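Coordinate inspection notes
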Amino acid sequence: MNRFPLRPGLFGDGLQTLADDEFGRITYQPHFVDPEFATQAFDALLRDVPWHSERRRMYLRDVLTPRLLASYSLDETLPDVIAELALRVAAAAGAAFTHVGLNHYRDENDSVAQHNDHLHELTREQPIALVSLGATREMLIRAKPPRRGALRLDLEAGSLLTMSYATQLHYDHGIPKQRTPVGPRISLAFRVRTAGETRRHY
């Protein structure tokens, strides 16, 4: 039987391996950056990033994305906080990231639907790394059919979630809306884009 391998990390503050097999590797580090830096970074990004919304085609109609967005190429002049996080994340993940997409979830009503990254836009075998700041939000990670199973993971402020390229083939992930009030959260998703890929990403 093809069992779903994800397992939450329950012990300690260090690197926790949630999946590591032929379907991909997923790790989670709760305290990747210290609380003081995480708070300062959140405040700076909330204040200085040019956040905007977008209209996207969903279910045969145009809708506003239920969160605010921003994006940077890492070879351009960056806000100091993003430049610092890019260095730290690249060292931790062992990858030369080229882009970062930012999401600002303003409250419990903001979300991102279950999805996997567009593989044609990613460099093969390179990871995706996600830094979370602000309020803790739940991420739902699900195995794609015919496999079964799901993991609900609380992404804490200052945490780092890393997913290998292969996970985008075998899992989807999303940030669901919450029924209870929650404060704002910012995520930074670092990726290695394919050569010539110029579209803005989040």
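These figures come from a predicted structure and were not determined experimentally. (Residues numbered from 1 in each chain as written. Predicted model: local features only at pLDDT ≥ 70, side-chain atom pairs only at ≥ 80, totals over all residues. Heavy atoms only, no water.)

1. A short note on the overall build of the chain
Across its full length, the chain holds 3 helices and 13 strands. By residue count, 49% of the 202 residues in the chain fall in the buried class. Element-wise, carbon and sulfur atoms account for 52% of the exposed surface of the chain, whose accessible area totals about 10500 Å². (Helix = DSSP H or I, 4+ residues; strand = E, 2+ residues; numbered from the N terminus. Buried < 20%, exposed > 50% of the residue type's maximum accessible area, 1.4 Å probe, protein only. Areas by Shrake-Rupley, 256 points an atom, 1.4 Å probe, with all protein chains shown as cover.)

2. What about unusual backbone geometry?
Pro-146 follows Pro-145 through a cis peptide bond whose omega is 10°. Notably, Glu-125 is not glycine yet its phi reads approximately 70°, a positive angle. Inspection of the secondary structure assignment puts Glu-125 in the loop between β7 (112–115) and β8 (128–134).

3. Here's the deal with helix α2 (residues 80–93)
Along an α-helix, residues three or four positions apart point the same way, because every turn accommodates 3.6 residues. With 14 residues, α2 ought to run about 20 Å at 1.5 Å a step, and its terminal C-alpha atoms sit 20 Å apart, in line with that. Three or more residues of α2 are buried, namely Val-81, Ile-82, Leu-85, Ala-86 and Val-89. Burial along α2 is one-sided: seen end-on, the buried residues are contained in an arc of 130°. Exposed and oriented more than 90 degrees from the buried face of α2 are Asp-80, Leu-87 and Ala-91. On its buried side, α2 packs onto α1 (35–48), β5 (68–73), β6 (99–105), β8, β11 (160–163) and β13 (185–191). Directly after α2, the chain includes Gly-94, whose backbone phi takes a positive value near 65°. (Expected span 1.5 Å × (residues − 1). Arc of directions from axis to C-beta. Contact = heavy atoms within 4.5 Å.)

4. A few points about the layout of surface pockets
If you add up the space inside the second largest pocket, you get close to 190 Å³. Around the second largest pocket, the lining residues are Leu-15, Arg-25, Thr-27, Gln-29, Ala-92, Ala-93, Pro-127, Leu-160, Thr-162, Met-163 and Ser-164. (1 Å grid on protein atoms, 1.4 Å probe; cavity = no way out; pocket = protein on both sides within 12 Å on 5 of 7 lines; lining within 4 Å. Points joined across faces, edges and corners; volume = space filled by probe spheres on them.)

5. Here we look at the sheet that holds strand β1 (residues 16–21)
An order of β1-β2-β11-β8-β13-β6-β5 is seen for the 7 strands of this open sheet, with the pairing classed as antiparallel. One side of each edge strand has no neighbouring strand; the edge strands of this open sheet are β1 and β5. Recorded for the sheet is a direction-independent mean angle of 15° between the axes of neighbouring strands. Note that β8 and β11 share 4 bridges and pair antiparallel. Considered in β11, the bridge of Ala-129 is made with Thr-162. (Pairing = 2+ DSSP bridges. Axes fitted to C-alpha atoms, helices over the stretch in contact; angles between N-to-C directions.)

6. Quick look at the pairing of β11
Burial along β11 is two-sided: Leu-160 and Thr-162 and Leu-161 and Met-163, pointing in opposite directions, are all buried. Note that strand β2 (residues 24–29) and β11 share 4 bridges and pair antiparallel. Paired with Gln-29 across the strands is Leu-160, a residue of β11.

7. Remarks on the sheet that holds β7
With respect to topology, 4 strands assemble into an open sheet ordered β7-β12-β9-β10, the strand pairing being antiparallel. Both edges of this open sheet fall to β7 and β10 (150–155), since each of them pairs with a single strand only. Averaged over all neighbouring strand pairs, the angle between strand axes comes to 15°, with direction disregarded. In this structure, strand β9 (residues 137–143) lies alongside β10, joined through 6 bridges in antiparallel fashion.

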